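Notes for the structure review
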Amino acid sequence: MRADYLRIVARVAAPLKAAARAHPRLNVALWNAQYRLGIWDYLDDARASGSEVLALVDKHSPHGRILDLGCGTSENLRLVPGTYAHYHGVDVSTEAIARARRVGRPSATFEAADIVTYATSERYDAILLREVLYYLPRECVADLLVRLASMLAPGGRIFVQLTGQPDLRVTVETAGLEVVDVVVEAARSRRHTTVFLVLEDLERHRRRYQGAS
Ligand SMILES: C[S@@+](CC[C@H](N)C(=O)[O-])C[C@H]1O[C@@H](n2cnc3c(N)ncnc32)[C@H](O)[C@@H]1O
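Residues numbered from 1 in each chain as written. Predicted model: local features only at pLDDT ≥ 70, side-chain atom pairs only at ≥ 80, totals over all residues.

When its secondary structure is counted, the chain shows seven helices and seven strands. When the helices and strands of the chain are listed from N to C terminus, the series reads α-α-α-β-β-α-β-β-α-β-α-β-β-α. Residue burial in the chain is summarised as follows: out of 213 residues, 31% are buried. Considering only contacts in the chain between residues 6 or more positions apart, those separated by 24 or more positions represent 66%. (Helix = DSSP H or I, 4+ residues; strand = E, 2+ residues; numbered from the N terminus. Buried ≥ 20, exposed ≤ 12 C-beta atoms within 10 Å, placed from the backbone. Contact = placed C-beta atoms within 7 Å.)

Here it is, written out as structure tokens:
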């Protein structure tokens, strides 16, 4: 019954959400409303997300500074204290950020901001984009990835998680970043495949290569 209700809300909300993306304040209000309605509560379960990305982060950027963009409540990302240097979560929803702060994660900071225009002078070893790229205007995604590459510390990587959106995967791969690892998880749902991509900034790669020669 509740699942049916949520499906109807999601269907009605889809065109509204698409229109809201271009209006930052409306976007915030819509995401807050969705969190208050409990539409995303299922994500707080670690099985919904989080563990596969963490395995990739451990493999490619262990003990690093992590920037999680579109972090939601961040509850499903079960980072073990001592295995990361710092975690910074950013989300457009002030409701999600308030809940994320209540998680009480050690060595963590949070910020309510729109990632389309997000800027920072900090540098990160791992930038996470978990289940968020679909909600950005399509034309922004490649630009955003290139901009994020400049927020990486030397050797840093971007970790992208996408479910059932093969065309977005193409956008990611053609943004000028090198794909260094791909994990495809077919069993996440009966209809959709989840893809985890690890991206490296080609420009840094080139500079490192030139520096070595
Ligand atoms: C499906 S939830 C995923 C949350 C979390 N990354 C996870 O995997 O559990 C999408 C999240 O993206 C956030 N979001 C959507 N558009 C955003 C934007 N332009 N800037 C920042 N966050 C955004 C939403 O508020 C929401 O928390």
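Look at helix α2 (residues 24–37) against helix α4 (residues 94–102): their axes get within 7 Å of each other, and the N-to-C directions meet at 50 degrees. In terms of their interaxial angle, α2 and α4 are classed as oblique. On α4, the residues that touch V28, W31, N32, Y35 and R36 of α2 are T94, E95 and A96. (Axes fitted to C-alpha atoms, helices over the stretch in contact; angles between N-to-C directions. Parallel < 35°, antiparallel > 145°, perpendicular 65-115°, else oblique.)

This part is about unusual backbone geometry. Here S74, not a glycine, exhibits a phi torsion of approximately 65 degrees, which is positive. Residue S74 is classed as buried on the basis of its 26 C-beta neighbours within 10 Å. Although it is not a glycine, S107 sits at a positive phi angle of roughly 50 degrees. Under the C-beta neighbour-count criterion, S107 is labelled partly exposed, with 14 such atoms within 10 Å.

Here seven strands make up an open sheet; going across it, the order is β3-β2-β1-β4-β5-β7-β6 and the pairing mixed. One side of each edge strand has no neighbouring strand; the edge strands of this open sheet are β3 (108–112) and β6 (177–185). When strand polarity is set aside, the average angle formed by the axes of neighbouring strands in this sheet is 15 degrees. Relative to strand β7 (residues 194–201), strand β5 (residues 152–163) is paired through six bridges, and the arrangement is antiparallel. Bridging across to β7, V160 finds its partner in L197. In the packing of α4 onto the sheet, the strands contacted are β2 (86–91) and β3, and the crossing angle to β3 comes to about 165 degrees. Seen against the sheet, helix α5 (residues 138–149) touches β4 (124–130), β5, β6 and β7 and runs at an angle of roughly 150 degrees to β5. (Pairing = 2+ DSSP bridges.)

Another aspect to go through is the nonpolar core. Grouped together as the largest cluster of nonpolar side chains are 42 residues, with contacts concentrated most on I66, L69, I127, L128, I158, F159 and V160. Not counting residues within four places of it along the chain, the set of residues in contact with L128 comprises V53, I66, L67, D68, L69 and F159. (Core = buried A, V, L, I, M, F, W, Y, C linked by C-beta atoms within 7 Å.)

Turning our attention to the site of the ligand. Residues in close proximity to the ligand total 20 residues, the closest being G70, G72, V92, S93 and R130. The class makeup of the residues in the shell around the ligand is eleven nonpolar, five polar and four charged. (Near = placed C-beta within 6 Å. Nonpolar A, V, L, I, M, F, W, Y, C, P; charged D, E, K, R; others polar.)

Further remarks concern α2. With 14 residues, α2 extends 20 Å between its outermost C-alpha atoms, agreeing within 8% with the 20 Å of an ideal straight helix rising 1.5 Å per residue. Once α2 finishes, G38 follows within two positions and takes phi at roughly 85 degrees, a positive value. (Expected span 1.5 Å × (residues − 1).)

Moving on, we come to the pairing of β2. Pairing between strand β1 (residues 65–69) and β2: five bridges, direction parallel. The partner of L67 across the bridge, within β2, is H88. Regarding the hand of the β-α-β motif, the stretch spanning β2, α4 and β3 is right-handed. (Right-handed = clockwise from strand over helix to strand, strands pointing away.)

Here we take up the environment of R65. Considering the arrangement of structural elements, one finds R65 in strand β1. Sequence separation of R65 and E122 is 57 residues, and the distance between their C-alpha atoms is 9.6 Å. When near neighbours in sequence (up to four residues on either side) are disregarded, R65 contacts A85, H86, Y124, D125 and A153.

Further remarks concern the environment of T194. With respect to the helices and strands, the residue T194 is situated in strand β7. A C-alpha to C-alpha distance of 4.1 Å links T194 and T163, two positions 31 residues apart in sequence.

Bridge count for β2 against β3 is five bridges, and the pairing is parallel. Note on β3: the bridge partner recorded for H88 is T109.

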